[in-house]
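Reading the structure
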Amino acid sequence: MNFIRKVFRCSENKFFAVLFASVALLLTIAWLVYCIIAVGASFFTFTNVWNYFVLFLIYGCLLIYNIRNDNRAYTAISLLLFAAIIGSFIDVIYDLVSLFRAGWGTGSLLILPIMALDILIIVVAVFAFIQLNTYRIGRTSDYKKVRLWLILFAVVVVLPSVVNYFIYLGMGEATTAWFVLVTALASEFASLCAAVSAVFTFNRLIR
């Protein structure tokens, strides 16, 4: 770790916060380019444009605020958590609608574990959001609890997508299994990197 301090002239927490935020941003750009090439002009729907705008905003804030040692990085972490809450909530509603439309057959019930993991993300992200902002405004000094919830968030944030892809692969719906898995999980790995960056960002911000 002293090597990082000497070579990059910054703390370990800042180095890893910037590193993981940069990887998240680069992966998102790469995935965006891949989707545009694969789908073409039809990719530019309002939903897709809005989703990528939000991702670039959050990852960009994480990166820039860490580079500048700016305490507004709290806002970037809060945005990341809030986006996860809203995104997972929408996924749960969408899965519920799909479940009721398709009936309660064996195939449809495979949605249930994914829904459970999305709900887990919501719960963890809500607690992390509350703990982070309680610490931010000085109502608590227990930074260990905040860090624990952020670490838990980093652990669970990609679980629904990973389980979902493995379910589809197990059902034989992807003929180019590993290629589909690797390319599809690229965007999820960006989310994981952003969550890890949030952990190191908070470590940098600890008073």
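Conventions we followed
- Residues numbered from 1 in each chain as written.
- Predicted model: local features only at pLDDT ≥ 70, side-chain atom pairs only at ≥ 80, totals over all residues.
- Heavy atoms only, no water.
- Helix = DSSP H or I, 4+ residues; strand = E, 2+ residues; numbered from the N terminus.
- Areas by Shrake-Rupley, 256 points an atom, 1.4 Å probe, with all protein chains shown as cover.
- Expected span 1.5 Å × (residues − 1).
- Contact = heavy atoms within 4.5 Å.
- Axes fitted to C-alpha atoms, helices over the stretch in contact; angles between N-to-C directions.
- Parallel < 35°, antiparallel > 145°, perpendicular 65-115°, else oblique.
- Left-handed = near helix turned anticlockwise from the far one by under 90°.
- Nonpolar A, V, L, I, M, F, W, Y, C, P; charged D, E, K, R; others polar.
- Salt bridge = Lys/Arg side-chain N within 4 Å of Asp/Glu carboxyl O.
- Buried < 20%, exposed > 50% of the residue type's maximum accessible area, 1.4 Å probe, protein only.
- Patch = residues over 30% accessible without salt bridge, like charges linked within 9 Å, V, L, I, M, F, W, Y side chains within 5 Å.
- Phe/Tyr/Trp six-rings, centres within 6.5 Å; stacked < 30°, edge-to-face > 60°.

1. Describing the overall build of the chain
Helices and strands together make up the secondary structure of the chain, namely eight helices and zero strands. Element order for the chain, N to C, with α for helix and β for strand: α-α-α-α-α-α-α-α. With the model as given, the accessible surface of the chain reaches about 11,700 Å², and the carbon-plus-sulfur share is 70%.

2. Re helix H2 (residues 12–39)
Residue pairs spaced three or four apart in an α-helix point in one direction, given the helix's 3.6 residues per turn. With 28 residues, H2 extends 40 Å from end C-alpha to end C-alpha; this agrees with the ideal 40 Å at 1.5 Å per step. Two residues or fewer past H2, Gly-40 is found with a positive phi of approximately 90°.

3. Notes on the side chain of Asp-95
Its location among the elements puts Asp-95 in helix H4 (residues 73–102). Discounting residues that sit within four places of it in the chain, Asp-95 has contacts with Ile-111, Ile-114, Met-115 and Asp-118.

4. Description of the packing of H2 against helix H3 (residues 46–67)
At a minimum axis separation of 9 Å, H2 and H3 run at an interaxial angle of 155°. In terms of orientation, H2 and H3 fall into the roughly antiparallel class. H3 is crossed by H2, and the crossing has left-handed handedness. Taking contact as the criterion, the partners of Lys-14, Ala-17, Val-18, Ala-21, Ser-22, Ala-24, Leu-25, Thr-28, Ile-29, Trp-31, Leu-32 and Cys-35 in H2 are, on H3, Tyr-52, Leu-55, Phe-56, Tyr-59, Gly-60, Leu-62, Leu-63, Asn-66 and Ile-67. For the contact of H2 with H3, the class distribution of residues is 16 nonpolar, four polar and one charged.

5. Describing the pattern of salt bridges
Taken as a whole and assessed by the stated rule, the structure comprises one salt bridge. Residue Arg-72 pairs with Asp-70 through a salt bridge whose shortest N-O separation is 2.8 Å. For Asp-70, a relative accessible area of 17% puts it in the buried group.

6. A word on a nonpolar patch on the surface
Judged by side-chain polarity, Phe-82, Ile-86, Phe-89, Ile-90, Ile-93, Leu-96, Val-97 and Phe-100 come together as a nonpolar surface patch covering roughly 740 Å² of accessible area. Within the secondary structure, Val-97 sits in helix H4. Judged by its relative accessible area of 37%, Val-97 falls in the partly exposed class.

7. Re the packing of aromatic side chains
Using the criterion set out here, one finds eleven aromatic pairs in the structure. Ring centres of Trp-31 and Tyr-34 lie 5.2 Å apart, and the angle between their planes is 20°; this geometry places the pair in the stacked category. Here Tyr-34 and Trp-31 lie together in helix H2, a separation of three residues that amounts to about one turn. With a relative accessible area of 17%, Trp-31 lands in the buried category. Through successive ring pairs, a cluster of aromatic residues spans Phe-15, Phe-16, Phe-20 and Phe-200.

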